[in-house]
Amino acid sequence: MKSFTTQKMSWGKVILLALATAVLTAVLKLIPFFNNTSFQDIAINPECWILFAVFIIVNCKGWKEAAGKTFVFFLISQPLIYLIQVPFSRLGFGIFQYYKYWFIATLLTLPGAVIAYQVRRKDRLSVAVLSVAAAFLGYMSATYFLSVKASFPNHLLSLCFCIVLALFFAFALLENKYHRAVIIGVLIVSMAVSLIILKPVSSQTLQLGEGNWSYSLEDPSVADVVLKQDNSVSLTANRKGTTLLTFVNETGDKKEFYITVSNGSVYINTFE
């Protein structure tokens, strides 16, 4: 663990790390070329943030310090990511609707960091804590595998990152070879089970109201759209990603929806 704990993580460094990761994440999210690729997964899923959190935690001298610094790191970085995107988003400040998930995650870093601090013990308790992380990374690996399978090579880097991160935790934070074997085993089992139980396709419906509507989908590969005679719309997930769905009727009325497909589920957000 020496290479991962080279020096004490000061409060100043925590704040600088929060600012740097927030700016980088926001910039990557704003580049259209990176849409539906691993380079934007950091703005959607938590695996990279787990690495940042563990790095902060293992460089603290006590559990109180670990909890405080991890909390501050997330409290600064996450809202800043959305704030930077506000001028460039069609949602404007409405983009903060996605911050709810990260706000809850930020609150959970307080007890989470206290638990994660136990990895410094390098004993069975450390194995138990890292097993939870490995199980989650196995699940994320499975979701990325399904995304890669649907739209190769998109998200291939994220798939590799999750697997390598679990192995890194095992070899950087543990010394006993049997303990490391447990982490590797948990990763493999979690990924295998997740691939069996995950449902890669789900559907959502919405109602347009009266009129003769036509639609355009910015990225047709993300979801299948079926416009029915009763002006109901069925959306079925194809692959992980985001796209803009626009409806126009004969009078020029327009309705726009921001469609997100994640882990096989379809999420529909409207523009105000």
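Residues numbered from 1 in each chain as written. Predicted model: local features only at pLDDT ≥ 70, side-chain atom pairs only at ≥ 80, totals over all residues. Heavy atoms only, no water.

**Q** Explain the packing of aromatic side chains residue by residue, including any values.
**A** For the structure on display, the rule yields 17 aromatic pairs. When the ring of Trp 49 is compared with that of Phe 52, the centres are 5.2 Å apart and the planes differ by 75 degrees; the resulting orientation is edge-to-face. One end of the pair is Trp 49 and the other is Phe 52, both in helix α2 (residues 47-58) and three residues apart, which spans about a single turn. Neither residue differs from the other here; Trp 49 and Phe 52 are each classed as buried. Relative to Trp 102, the ring of Trp 49 has its centre 6.3 Å away and its plane inclined at 65 degrees; by these criteria the two rings are edge-to-face. Of the two residues, Trp 49 is situated in helix α2 and Trp 102 in helix α4 (residues 99-116); the sequence distance between them amounts to 53 residues. Here Trp 49 matches Trp 102 in class, with each residue buried. Each member of the aromatic cluster is reached from another via a ring pair, and the members are Trp 49, Phe 52, Phe 73, Phe 74, Tyr 101 and Trp 102. (Phe/Tyr/Trp six-rings, centres within 6.5 Å; stacked < 30°, edge-to-face > 60°. Helix = DSSP H or I, 4+ residues; strand = E, 2+ residues; numbered from the N terminus. Buried < 20%, exposed > 50% of the residue type's maximum accessible area, 1.4 Å probe, protein only.)

**Q** Could you give an account of the environment of Ala 134, naming the residues involved and the relevant values?
**A** Looking at where Ala 134 falls in the secondary structure, it is placed in helix α5 (residues 124-150). Considered as a pair, Ala 134 and Ala 166 are 32 residues apart in the sequence and their alpha carbons are 5.5 Å apart. Those residues within four positions of Ala 134 in sequence are excluded, and the remaining contacts are Ile 183, Val 186, Leu 187 and Ser 190. (Contact = heavy atoms within 4.5 Å.)

**Q** Provide a residue-level description of empty space enclosed by the protein, including the pertinent values.
**A** Taken as a whole and judged by the stated rule, the model has one cavity of 30 Å³ or more. Together, 13 residues line the largest cavity, and Asn 36, Gln 40, Ile 44, Gly 241 and Thr 242 are the ones closest to its centre. Elements supplying a minimum of two residues to the lining of the largest cavity: β5 (241-248) and β6 (254-262). A per-element tally of the lining of the largest cavity places β6 first, with three residues. Of the residues belonging to the lining of the largest cavity, the class tally is two nonpolar, eight polar and three charged. (1 Å grid on protein atoms, 1.4 Å probe; cavity = no way out; pocket = protein on both sides within 12 Å on 5 of 7 lines; lining within 4 Å. Points joined across faces, edges and corners; volume = space filled by probe spheres on them. Nonpolar A, V, L, I, M, F, W, Y, C, P; charged D, E, K, R; others polar.)

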